[in-house]
Amino acid sequence: MPTPRVLSGIQPTADSFHLGNYLGAVRQWVALQETHDAFYCVVDLHAITMGHDPAVLRRRSRVAAAQLLGAGLDPKRCTIFVQSHVPEHAELFWVLSCLTGFGEASRMTQFKDKSAKAGAETASVGLFNYPILQAADILLYQTDQVPVGEDQRQHLELTRDLAQRFNHRFGETFVIPGPYIVKDVAKIADLQDPAIKMSKSASSPQGIVDVLEDPASIRRKITRAVTDMGTEIRADEEAKPGVTNLLRIYAALAGVSVADLERRYAGTGYGAFKKDLADLVVDALAPIRERTEEALADEAELDRVLAEGAARARDVAGRTMRLVRERVGFLPAR
Ligand code: TYM
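About the criteria used
Residues numbered from 1 in each chain as written. Predicted model: local features only at pLDDT ≥ 70, side-chain atom pairs only at ≥ 80, totals over all residues. Heavy atoms only, no water. Helix = DSSP H or I, 4+ residues; strand = E, 2+ residues; numbered from the N terminus. Buried < 20%, exposed > 50% of the residue type's maximum accessible area, 1.4 Å probe, protein only. Contact = heavy atoms within 4.5 Å. Polar contact = N/O pair within 3.5 Å; in protein donor to acceptor, adjacent residues only side chain to side chain. Salt bridge = Lys/Arg side-chain N within 4 Å of Asp/Glu carboxyl O. 1 Å grid on protein atoms, 1.4 Å probe; cavity = no way out; pocket = protein on both sides within 12 Å on 5 of 7 lines; lining within 4 Å. Points joined across faces, edges and corners; volume = space filled by probe spheres on them. Nonpolar A, V, L, I, M, F, W, Y, C, P; charged D, E, K, R; others polar. Phe/Tyr/Trp six-rings, centres within 6.5 Å; stacked < 30°, edge-to-face > 60°. Lys NZ or Arg CZ within 6 Å of the ring centre and 35° of its normal. Right-handed = clockwise from strand over helix to strand, strands pointing away. Near = heavy atom within 4 Å. Areas by Shrake-Rupley, 256 points an atom, 1.4 Å probe, with all protein chains shown as cover. Core = buried A, V, L, I, M, F, W, Y, C linked by side-chain atoms within 4.5 Å.

A. Region of the structure containing the environment of Arg-5. As for its placement among the helices and strands, Arg-5 is situated in strand S1 (residues 5-10). A relative accessible area of 17% places Arg-5 in the buried class. With 88 residues separating them along the chain, Arg-5 and Phe-93 place their C-alpha atoms 20 Å apart. Not counting chain neighbours up to four residues away, the residues in contact with Arg-5 comprise His-36, Asp-37, Phe-39, Tyr-141, Gln-142, Thr-143, Asp-144, Gln-145 and Val-316. Within the structure, the side chain of Arg-5 is placed 2.9 Å from the side chain of Asp-37, a separation counted as a polar contact.

B. Spotlight on unusual backbone geometry. Even without being glycine, Gln-142 reaches a positive phi, approximately 50 degrees. With respect to the helices and strands, Gln-142 occurs in the loop between helix H6 (125-140) and strand S4 (145-147).

C. Fine view of the pattern of salt bridges. With the rule as written, the count across this model stands at 24 salt bridges. With a closest N to O distance of 2.6 Å, Arg-165 and Glu-104 form a salt bridge. Placement of Arg-165 in helix H7 (residues 153-170) and of Glu-104 in helix H4 (residues 102-106) is noted, with a sequence separation of 61 residues between them. Of the residues examined, Arg-165 reaches a relative accessible area of 24% and is grouped as partly exposed. A cluster of three or more residues bridged by salt bridges with shared partners is formed by Glu-301, Arg-304, Glu-308 and Arg-312.

D. Layout of empty space enclosed by the protein. Applying the stated rule across the entire model yields two cavities of 30 Å³ or more. Lining the largest cavity we find Gln-110, Phe-111, Lys-114, Leu-127, Tyr-130, Pro-131 and His-155. Of all elements in the fold, only helix H5 (109-118) and H6 reach the threshold of two or more residues within the lining of the largest cavity. For the lining of the largest cavity, a count of residues per class yields four nonpolar, two polar and one charged. Taken as a whole, the second largest cavity spans an internal volume of roughly 30 Å³.

E. Seen up close, the packing of aromatic side chains. Counted under the stated rule, the structure contains ten aromatic pairs. Ring centres of Phe-166 and Phe-170 lie 4.9 Å apart, and the angle between their planes is 55 degrees; this geometry places the pair in the tilted category. Separated by four residues within a single helix, Phe-166 and Phe-170 lie in helix H7, roughly one turn from each other. A residue is classified by how much of its surface remains accessible, and Phe-170, at 27% relative accessible area, is partly exposed. Lys-114 extends its terminal NZ or CZ atom over the ring of Tyr-130, reaching a point 5.5 Å from the ring centre.

F. The pairing of S1, seen in detail. In terms of residue burial, S1 counts as a mostly covered element, since five of its six residues are buried. A crossover connection joins S1 to the parallel strand S2 (residues 37-42) through helix H1 (residues 19-32); in handedness this β-α-β unit is right-handed.

G. Examining the environment of Thr-35 more closely. Considering the arrangement of structural elements, one finds Thr-35 in the loop between H1 and S2. Assessed through its relative accessible area of 48%, Thr-35 is described here as partly exposed. In this structure Thr-35 touches Thr-3 and Pro-4, once residues within four positions along its chain are discounted. Separated by 2.8 Å, the side chains of Thr-35 and His-36 make a polar contact.

H. The arrangement of the site of the ligand in detail. In the region of the ligand, 28 residues are neighbours, and Tyr-130, Asp-137, Gly-149, Asp-151 and Ile-188 sit closest. Asp-137 places a polar side-chain atom, nitrogen or oxygen, 2.6 Å from a nitrogen atom of the ligand. One of the backbone N or O atoms of Ile-188 is found 2.8 Å from a nitrogen atom in the ligand. For the ligand, whose accessible area on its own is 720 Å², the fraction buried by protein is 97%. Those elements giving two or more residues to the shell around the ligand turn out to be S1, H1 and H6. Split by residue class, the shell around the ligand holds twelve nonpolar, eleven polar and five charged.

I. How the structure looks around the nonpolar core. Counting residues in each nonpolar core, the largest one holds 57 residues, and the members touching the most others are Tyr-22, Leu-23, Ile-249, Val-281 and Leu-285. With nine residues, the top contributor of residues to this core is helix H11 (residues 270-297). If we skip the residues at most four places from it in the chain, Leu-23 touches Gln-28, Val-185, Ile-188, Ile-249, Ala-252 and Leu-253. Core analysis: the second largest hydrophobic core is formed by 40 residues, Val-43, Ala-163, Phe-166 and Ile-181 among them.

Take a look at the structure:
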């Protein structure tokens, strides 16, 4: 049996990843590099779907790559690359877009949410196409599993449908990928509004903890996180969504179960619990921040890692694309 492959991506659309990105996705990526043939990309093509500034995009792409190293990805154990360095992504996107129904793409809830915000007239066609490009990212690498948060589930379903449709129409070509979604951390909530997910676009600054944030500010945000009626520290999604979210963050970072924490904090009240959680988050993020800063200090080395990653990625993506061109009926270019 060959080593199973994982691929995932993250957008360089903020100056830092947030705790939801880290717990829901990047932390799994770090673990999976030990057991899987792992490809991780900074999806800069996706990052231009909502309008952007070129200099900011360049900076954020490097900061994103540096944070992946900071979080513990090792370029010797996995392939880290920037999406735009591998032109096959855009090429496969086009082929897949010709297999995607207009209605099918119109039903993507992230597109509906984001285009509603931008206004139907101003939302770009790129935003509409976003999930099809994501499908191309995944299918190019013959990916077995895709480690992501819950908000990506619908895009993965589209990816599977497109892979099956292509295989059915043109012959077996793509591996059908499955989701790798870890239940308790798949939807980290906003600290101020536990009804919504922690999100760079929807959350207020008080609702988000950034991976690169300074410790004093992290402590303040956790201390002020909304908790629910009563004083009991107990997981209950309906009655106590705020406390439940904090318990999940705590359990994930401490490597214990929520039930253990409920026992440990029985009868203590929110104050001590939040203080311990703040210490835990600060201690978990400090080494990531330090290693990210180190990686950013040597830009030439960072760019070298990305170039090496792109070469490995192009090798795999190129093989898939040669097969796709032949299956679709494009004449060989001689
Ligand atoms: P992005 O950049 O929005 O988010 C990166 C990852 O973080 C997860 N995530 C969360 N997990 C738990 N709780 C949260 N509050 C939370 N917020 C974000 C996301 O689910 C994601 O896994 N479309 C993708 C990027 C992408 C991609 C791909 C992913 C492009 N191509 C191919 C996988 C495979 C996205 O917007 O991620």
